[in-house]
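What follows is each chain in one-letter form.
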Amino acid sequence: MGNTNLCTTVLPCLTFTTLYLAFLLLHLSNTFAINSPSPYKPVDNIILNCGSSDNLTALDGRTWTGDVNSKFFPQELSQNQASLATNSLKQSSSAFSQVPHTTARLSVSPFTYIFPITSGQKFIRLYFYPAWYGNFDRSKALFSVKAGPFTLLRDFNASLTADADGDPNDTISREFCVNMEEDERLNLTFTPSDSESSFAFINGIEILSMPTNLYYTPSDSQGFPFIGQENWYSIGNVTALEMVYRINVGGAFISTAEDTGMFRSWSTDEKYLTEDISSVLPVNTTIEVQFTKIPAYTAPQAVYRSARSMESCYTNK
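Residues numbered from 1 in each chain as written. Predicted model: local features only at pLDDT ≥ 70, side-chain atom pairs only at ≥ 80, totals over all residues. Heavy atoms only, no water.

A. The sheet that holds strand 11 (residues 150-156), seen in detail. With antiparallel pairing, 4 strands are arranged side by side in an open sheet as 8-13-10-11. Whereas interior strands pair on both sides, the edge strands pair on one side only; in this sheet they are strand 8 (111-116) and strand 11. Within the sheet, the average angular offset between the axes of one strand and its neighbour, ignoring direction, is 10°. Summarising the sheet, strand 10 (residues 143-147) and strand 11 pair through 4 bridges and their orientation is antiparallel. Bridge pairing links Ala147 to Phe150 in strand 11. (Pairing = 2+ DSSP bridges. Helix = DSSP H or I, 4+ residues; strand = E, 2+ residues; numbered from the N terminus. Axes fitted to C-alpha atoms, helices over the stretch in contact; angles between N-to-C directions.)

Structure, rendered in structure tokens:
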């Protein structure tokens, strides 16, 4: 219905498994709730403005903390001492992207952020603005990112990604989910590739707690059926996930400020339709959703209030 999440898994052996399509089973009820859903309140909520010594507020009202002299970027690590805090030579044209994309942390050698966080499942969001930084050519930014045993990005080139989307001045973000065990620190390491003149950079980092088993399979569950497969499919805590698409079908764009406390955003679905078809767009902006089987924080109510529907076309012979 209103929401589709397409994810890939990232395994400790550093290979990606087949894409899976996770529908959140967003069901409308014939009855209505009186109270609006309460937002989820994350235990860990870390947002770093990399390469900055200032604390700046983004358009969604959140304050990004500069990583210069931050406890999350320990300078006593010898590899971190070679990194640079710098400004982009050209500012992004995206109105929403000024924070955290105007400054960056970059290096021609590996550098590591260390996050002492609580146990449980976490969002990791990485923000990139593929611009020129001083004498660093944007096309030479080729690097990998590891979170503990997981390789989240391998030989990633943000400028190629932006250019492929048709907007070289665009900002890039990547969202992942990982599970943290008790007393485990999250080490996030950026490593330039072996190619000549390559470097690694990052503009912003977000570490956020997520509700237990929002996207993972409970340990006491057999999982869920996978279309066309006999065996059931499950997503255990030893798996890392990458968000590829999050779409509000038939509805408007949903910003991070409109989420239920996890600062997710939903794209509109028009550019993903394969045909120019006039499907019906039922929308009810006043309906109050009653949550009976899934938690209220699963998605904003706006996701449930729009859909696309079509009827079969029959031809009389």
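B. Focus on a nonpolar patch on the surface. On the surface, Val244, Tyr245 and Tyr272 cluster together to form a nonpolar patch covering roughly 240 Å² of accessible area. Within the fold, Val244 resides in strand 18 (residues 240-248). The class of Val244 is partly exposed, set by a relative accessible area of 33%. (Patch = residues over 30% accessible without salt bridge, like charges linked within 9 Å, V, L, I, M, F, W, Y side chains within 5 Å. Areas by Shrake-Rupley, 256 points an atom, 1.4 Å probe, with all protein chains shown as cover. Salt bridge = Lys/Arg side-chain N within 4 Å of Asp/Glu carboxyl O. Buried < 20%, exposed > 50% of the residue type's maximum accessible area, 1.4 Å probe, protein only.)

C. Broad picture of the sheet that holds strand 14 (residues 200-202). Ordered in space as 6-7-14, the 3 strands form an open sheet in which the pairing is antiparallel. Each edge of the open sheet is held by one strand with a lone partner, namely strand 6 (84-87) and strand 14. Shown here is a sheet whose adjacent strand axes are inclined to one another by a mean of 30°, direction ignored. The pairing of strand 6 with strand 7 (residues 103-107) spans 4 bridges and is antiparallel.

D. Quick peek at the environment of Val283. Within the secondary structure, Val283 is located in the loop between strand 18 and helix 3 (301-304). The class of Val283 is partly exposed, set by a relative accessible area of 49%. Separated by 19 residues in the primary sequence, Val283 and Ala302 place their C-alpha atoms 9.5 Å from one another. If near-sequence neighbours (up to four positions away) are discounted, Val283 is found in contact with Gly250, Arg305 and Ser306. (Contact = heavy atoms within 4.5 Å.)

E. Just the confidence of the model for the protein chain, in detail. Per-residue confidence for the protein chain gives a mean pLDDT of 83; residues scoring 70 or more make up 82%. Residue range residues 3-37 is modelled with pLDDT below 50. Its contacts to residues more than four positions away, or to other chains, number 101 contacts. (pLDDT = per-residue confidence, 0-100.)

F. Just the nonpolar core, in detail. Counting residues in each nonpolar core, the largest one holds 41 residues, and the members touching the most others are Tyr113, Phe115, Leu126, Leu188, Phe190 and Ile205. With residues up to four places along the chain from it excluded, the contact list for Leu188 reads Phe111, Thr112, Tyr113, Phe115, Ile124, Leu126, Val145, Lys146, Ala147, Leu152 and Ile205. One finds Leu208, Tyr215, Tyr216 and Leu241 within the second-largest nonpolar core, a separate group that totals 12 residues. (Core = buried A, V, L, I, M, F, W, Y, C linked by side-chain atoms within 4.5 Å.)

G. Focus on the pattern of salt bridges. All chains considered together, the criterion is met by 11 salt bridges. One salt bridge in this structure joins Asp60 and Arg62, with 3.1 Å as the shortest N-O distance. Judged by relative accessible area, which is 25%, Asp60 ranks as partly exposed. Judged by relative accessible area, which is 9%, Arg62 ranks as buried. Of the charged contacts in the structure, one is a salt bridge between Arg305 and Glu288, with a shortest N-O distance of 4.0 Å. Of the two residues, Arg305 is situated in the segment after helix 3 and Glu288 in the loop between strand 18 and helix 3; the sequence distance between them amounts to 17 residues. Linked through salt bridges whose partners overlap, the residues forming this network are Asp60, Arg62, Arg125, Glu175, Glu206 and Arg246.

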